[in-house]
Each structure stands twice: as C-alpha cells, then as structure tokens.
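Summary of structural features
Residue strings, one per chain:
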Amino acid sequence: MAMLLEDIVQSVEIWLKLIKKPQPYVDPNLDPVLLVPGIAGSILNAVDDQNGKEERVWVRILGADYKFRTKLWSRFDPSTGKSESLDPNTTIRVPEERYGLGAIDVLDPDMIVGRDCVCYFHDMIVEMLKWGFQEGKTLFGFGYDFRQSNRLQETMDRLAAKLESVYEASGGKKINVISHSMGGLLVKCFMGLHSDIFQKYVKNWIAIAAPFRGAPGYIASTFLNGMSFVDGWEQNFFISKWSMHQLLIECPSIYELMACPHFHWQHIPLLEIWREKEGCDGYPRTILESYRPGNCIDIFKEALSGNTVDYNGEMIPLPFNLEILKWVKETQKVLSYAKVPSGVKFYNIYGINLETPHSVCYGSEETPVTNIQDLRFFQPKYICVDGDGTVPAESAKADGLHAEARVAVPGEHRGILCEPHVFRILKHWLRAGEPDPFYNPINDYVILPTAFEMESHHEKGLQVTSLKEEWEIVTKDQDDLDDTVSRRKQLVSSISVSQGGSNKHSLRSEAHATVIVHPQNEGKQHVELNAISVSVDA
C-alpha cells in the first residue's frame, strides 16, 4: 500500500511540474566550438525592405521553386563583388537564432517526411551536447549567404565579429573552428586576409571534406547542367535543377570551386566532348576533344552564350560570367598565400571510398555533339576517382597548410558529418570527455592495457617465466564488424614456440601461450594472454 501511495504522490508531483527535468550534462572546462557549413548549408530568409516581412526561402517545401526564382535569383555586381537579388526590394538575411546554430542545424525545420535530407550539422550538434558542450557558452554556429564569394568583405566582417563574440561569451577562451566543405575555403580566405584576428581568437581549425583544389567534375557539370541539393526521391521536395542552375551561374562561390589550374594533379581533370567535324577528305568524322582546367572556359562561354531567364516578363541574359572569373583569380591568390598562424593548429578530415566525378564527358562516338549550346541538354558521363562522391580525396587533402594530422574517413560528402568515426576523432581532438592517449584517429581503434603480471623463478635447473597480460580493444561500431560470431562466442587460441641446438649441450627453450578473446560488449573486446616459457638455466 505504501508503494502505491508513493507512486500516486510522484504522479501528482510530475503533473504539477514540481519535479524538474534532469539538466543536461555541461562541462565548463571545454573550449568553445564554432561550426561553419558549406554551400547551401545555411538557412536563408528573404526580408521585404518595404514592410519588413521575413520568410524562409532556403530551404522550404511549399512554393519552393517560385520563392527561389523570385527572391534568390541574382546578378553579380563587379564593383562590389556581391551577387544582388534580382528583386530590388529583397534583402537576404541569415537567421541568428540559437547563437547561429539554428541556421545550420535542420535547414527546413517544418519538414517531416524525408527530414534526414535537410539535416546539416544536426547529428553533430546532438552529439556534442552529449559531450558537455552548451549552446551559447561553448557551442556556436556561423551561417552565411552561400551565393557570395568566400572572400566577400561583408562575410569576412561578420566572421570577425562572430569570433570576437564567441571568445567573449566563453570567458576569453580560444575557439575550435570546425568547417565543412566550402566552409573550409571561407575559413582559409579569412585566415589569409585577417591572420592577426585568426591568431587572436582561434586555437584549432578542423576542416572536413574541404575542396581545397576544387571539385572538378561536380562543378564542370554544374555550369552546364545545374545541380541537385539531394539525390533520390527527396529531390521532389526541392527546387528544380534548372532553377538552381540559373542561380549558380551568378554565384562567385561556385566559380571558386572550379578545378585549380596550377595544381599538380595526379589525375588531370578534363572536360571531354565527342564532336563531329569534317575530315581532310571532306567526309564528317567523330573526334574526342579534351580540355584541361583553364582551357575549358571557351566551352563554358559558348555553351551558355544564349542562356536567359524570364524574370517578371523581362528576358535577362545569364551567360558564363567573365567578371566573376576575374574576381575568382584574386580569391585564388588569397587562398594560395594563406598560412596557419603561429599558435594555431590545423587538422584535415577528408572522405574516401566513393566514386567521385573528376572528368566529364559529353556525347559519344555514336551520338556526337553538333552544337555546343546543346551541352545543357546532354547527360554528362563521369570518369571518377576516389573521394567522398563530390570532392576528390586528392583535392581535399591538398590543403597547402602545415597540418597536425590528415585523416581519411570512408564517407559521403554531407553524410560524413554523421559518421561515428568522425565524432570519435573530434571528441579526441577537442579533448571532450576523459582523455584517451591510446586513441588512433587514422585506424580508429583504442588498445587499453588493463593488467600485466610477470614472474620468473628457477626449478630443477630450469628457468620458468610466466606472463599474464590483458587488454580492452575499443573498435568501430559493433555493426561494422565482419565476424559476427566472434561477438557471441568466446574464442580460445594457443601457440607454441621452441628453439634449440642440434646436440645435447645446446641450450633449449620452449614457450606456450593461450589467447582468449571474450565476446564484444558495448564496443569493447576483452583479450587475455597467458604465456609460460621454460629454458635451461645457463
């Protein structure tokens, strides 16, 4: 009866909200973290300059394509280096809710079906909160207008102010900057232009999946055919590939992702076109033309020379923009000269094990391209290399900086932000939780010695040595292990070794060992080694 009364009282207290929810774990000793997303990784709101009304235009479902075309389509202004919205009464703003994290967490908070495809830093934020980080104290976000150049002064000023505010909010602690994809170029530009500010406020910079030398195949086909933010059936929720194409042609950030023409590529990225041309004998024949980085500009110019959009009844030309190309050359200089300031540590995580577009081919020997302007209607074929599906590993690891470590992680370009391996690496580098000096980020396992005993004694002219050693091996996720049986059964293995001479006067020794591997439990494998050696007492 007493137990029943106690349950009733507890229920009433919960109903009256007298029992407070358990407070999340907070580690006050952690250094602050600032998360910086890549292209299309920030929520963008459109503000009506006439009435102040604000609405989300990226990402959204209802009326997505219409709002995208009317609010986000833009033109590049070479005098300012900024892409301005075609609507003169619209200003694009990045929301600052949750200390900047709201703009880079889930890009469409209203989305229910297919929500995973619009999650950006969400999983990482959830994980870091478990480690003891706290929003507004040690965890912050920096969203930005990804249409703009990575060295736009307006963005640089916002980032400088953000670093200062994070530094002050955390009580004067230096910051760990974690960037993803194009965010790595933005951070590197800032480091090159404002090295003193970077040195003052930043402790570590961790770049994830950054296209330091460009994303050749991905960007070449983007100029000619556009791009989709997501793959698969979720594409139906978003704007059309054509609408995105018209936006990106006027985005300096996209031009800054072109293949670096001065980089010594192991595999040179090419733009290839099967074309029908008249031979010396007057008969047409099909040839394969190949263009290296820097030599394919004329193809882009010709292919997009007739590109236009209808905006409120006005036909606006959107060719390949040579003014943006001039701007980008200056950006490339900034990136090439940037160095990690003294006292700051740089780390690089990049994706591998996925077929990644590198060279692009249009047409075929059977169906050659007869008009370059028709390239927009051809399906590109890719020659792939190793990478994360978007950025080649060769590009991502060629940061041109002094790095404390470069670690390859099997993973997809945006999906790598949800990889447990990446979480373990970040936790190790950020020194969150108990320090683990045995962790190896490259191999992603930990060997923890838990016991060691060794005894030696003499017995009847023999020297007998016994050894007992135990370890715990912390491996990857349990589901990733190949040998499922080893998780369920104890494995016992023995080995014997002997050594001796050819006659009775030679010394002889023998050793026997037994290894016991216990079933895995919560990601840990317990291993025991028991060994004994016997040798003639010399």
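Everything quoted here is computed from the prediction, not taken from an experiment. (Residues numbered from 1 in each chain as written. Predicted model: local features only at pLDDT ≥ 70, side-chain atom pairs only at ≥ 80, totals over all residues. Heavy atoms only, no water.)

Considering the overall build of the protein
Each helix and strand in the protein was counted, giving 13 helices and 22 strands. Going through the 538 residues of the protein one by one, you find that 48% of them count as buried. Within the protein, counting contacts between residues at least 6 apart in sequence, those at least 24 apart form 71% of the total. Accessible surface for the protein amounts to roughly 27,500 Å². Of this, 52% is attributable to carbon and sulfur atoms. (Helix = DSSP H or I, 4+ residues; strand = E, 2+ residues; numbered from the N terminus. Buried < 20%, exposed > 50% of the residue type's maximum accessible area, 1.4 Å probe, protein only. Contact = heavy atoms within 4.5 Å. Areas by Shrake-Rupley, 256 points an atom, 1.4 Å probe, with all protein chains shown as cover.)

Overview of the side chain of Asn321
By the element assignment, Asn321 lies in the loop between strand S13 (314-317) and helix H11 (322-337). Given the relative accessible area of 12%, Asn321 is considered buried. A polar contact of 3.2 Å, which involves the side chain of Asn321, links it to the side chain of Glu250. A distance of 2.9 Å separates the side chain of Asn321 from the backbone nitrogen of Glu323, its partner in a polar contact. (Polar contact = N/O pair within 3.5 Å; in protein donor to acceptor, adjacent residues only side chain to side chain.)

Things to note about the nonpolar core
Within soluble globular proteins, side chains that are nonpolar generally end up buried alongside one another. Residues Leu35, Trp58, Met128, Trp205, Ile208, Phe300 and Ile349 are the most contacted members of the largest nonpolar core, which totals 131 residues. If we skip the residues at most four places from it in the chain, Leu35 touches Leu101, Ile104, Phe121, Met124, Ile125, Met128, Leu139, Phe140, Gly141, Phe142 and Ile178. (Core = buried A, V, L, I, M, F, W, Y, C linked by side-chain atoms within 4.5 Å.)

Topic: helix H5 (residues 183-193)
Burial analysis of H5 places nine of its eleven residues in the buried class, which makes it a mostly covered element. Of all the positions in H5, only Gly183, Gly184, Leu185, Leu186, Val187, Lys188, Cys189, Phe190 and Met191 are classed as buried. Looking at the buried side of H5, the elements it contacts are strand S1 (33-36), helix H4 (153-169), strand S8 (175-180), helix H6 (195-201), strand S9 (202-208) and H11.

A closer look at the sheet that holds strand S16 (residues 381-387)
Taken in spatial order, the four strands make up an open sheet running S11-S10-S15-S16, and their pairing is mixed. The outermost strands of the open sheet, each flanked by one partner alone, are strand S11 (284-291) and S16. Each strand axis lies, on average, 25 degrees off the axis of its neighbour in the sheet, ignoring direction. (Pairing = 2+ DSSP bridges. Axes fitted to C-alpha atoms, helices over the stretch in contact; angles between N-to-C directions.)

Quick word on the packing of aromatic side chains
For the coordinates displayed, the defined rule picks out 20 aromatic pairs. Taking the centre distance of 6.1 Å and the plane angle of 65 degrees together, the rings of Trp58 and Phe146 count as edge-to-face. Residue Trp58 is located in strand S3 (residues 54-58), and its partner Phe146 is located in the loop between strand S7 (139-141) and H4; the two are separated by 88 residues in the primary sequence. Exposure remark for Trp58: the relative accessible area of 2% places this residue in the buried category. Owing to a relative accessible area of 4%, Phe146 belongs among the buried residues under this scheme. Note on Tyr120 and Phe121: the rings are 5.3 Å apart at their centroids and 65 degrees apart in plane angle, and the pair reads as edge-to-face. Judged by its relative accessible area of 3%, Tyr120 is buried. Counting every residue linked through ring pairs, the aromatic cluster contains Phe190, Phe198, Trp205, Phe212 and Phe346. (Phe/Tyr/Trp six-rings, centres within 6.5 Å; stacked < 30°, edge-to-face > 60°.)

Some remarks on the pattern of salt bridges
For the structure on display, the rule yields 20 salt bridges. With its nearest N and O atoms 2.7 Å apart, the salt bridge here joins Lys203 to Asp31. With Lys203 in strand S9 and Asp31 in the loop between helix H1 (2-15) and S1, this residue pair connects regions lying 172 residues apart in the sequence. Ionic pairing is found between Lys82 and Glu154, a salt bridge with its closest N-O pair at 2.9 Å. On the criterion of sequence distance, the pair formed by Lys82 in strand S5 (residues 82-85) and Glu154 in helix H4 is long-range, its members being 72 residues apart. A relative accessible area of 43% places Glu154 in the partly exposed class. What emerges from the salt-bridge pattern is a single network uniting Glu55, Arg60 and Lys67. (Salt bridge = Lys/Arg side-chain N within 4 Å of Asp/Glu carboxyl O.)

Considering the sheet that holds strand S6 (residues 90-93)
The sheet built from three strands is open, its strands ordered S3-S2-S6 with antiparallel pairing. The open sheet has two edge strands with one neighbour each: S3 and S6. Geometrically, the sheet is characterised by an average inter-axis angle of 35 degrees between neighbouring strands, direction not taken into account. In this sheet, S3 lies alongside strand S2 (residues 44-48) in antiparallel orientation, the contact comprising four bridges. Note that in S3 the partner of Ala46 across the bridge is Glu55. Each of S2, S3 and S6 touches helix H2 (residues 64-72); the most contacted strand, S3, lies at about 105 degrees to it.

A look at the environment of Ile104
You can see Ile104 is positioned in the loop between S6 and helix H3 (122-130). You can call Ile104 buried: its relative accessible area is 0%. When the C-alpha positions of Ile104 and Val94 are compared, they lie 9.8 Å apart, and in sequence the two are ten residues distant. Residue contacts for Ile104: discarding those within four places in its chain leaves Leu35, Pro37, Gly41, Ser42, Tyr120, Phe121, Gly141, Phe142 and Gly143.

Regarding the environment of Ile175
Summarising the element assignment, Ile175 is placed in strand S8. With relative accessibility at 0%, the residue Ile175 sits in the buried group. Between the alpha carbons of Ile175 and Val33 there is a distance of 5.7 Å; along the sequence they are 142 residues apart. The contacts of Ile175, once residues within four sequence positions are left out, are Pro32, Val33, Leu34, Leu163, Val166, Tyr167, Tyr201, Val202, Lys203 and Asn204.

Digging into the environment of Ile287
With respect to the secondary-structure elements, Ile287 resides in strand S11. The partly exposed category is assigned to Ile287, whose relative accessible area is 27%. Along the backbone, Ile287 and Glu276 are eleven residues apart, and their C-alpha atoms lie at a distance of 6.4 Å. The contacts of Ile287, once residues within four sequence positions are left out, are Ile273, Trp274, Arg275 and Lys277.

So, the confidence of the model for the protein
Confidence in the prediction of the protein, expressed as mean pLDDT, is 86, and 86% of residues score 70 or more. Long-range and interchain partners of residues 1-5, a stretch whose pLDDT sits below 50, account for zero contacts in this model, where long-range means more than four residues apart. Across residues 477-486, confidence stays below pLDDT 50; counting only partners more than four residues off in sequence or on other chains, it has 14 contacts. (pLDDT = per-residue confidence, 0-100.)

Here's the deal with the packing of helix H7 (residues 216-225) against helix H8 (residues 241-248)
Their axes nearest at 8 Å, the elements H7 and H8 cross at an angle of 105 degrees. When the axes of H7 and H8 are compared, the pair comes out roughly perpendicular. Contacts from Thr222, Phe223, Leu224 and Asn225 in H7 reach Lys241, His245 and Leu248 in H8. Split by residue class, the contact of H7 with H8 holds three nonpolar, three polar and one charged. (Parallel < 35°, antiparallel > 145°, perpendicular 65-115°, else oblique. Nonpolar A, V, L, I, M, F, W, Y, C, P; charged D, E, K, R; others polar.)

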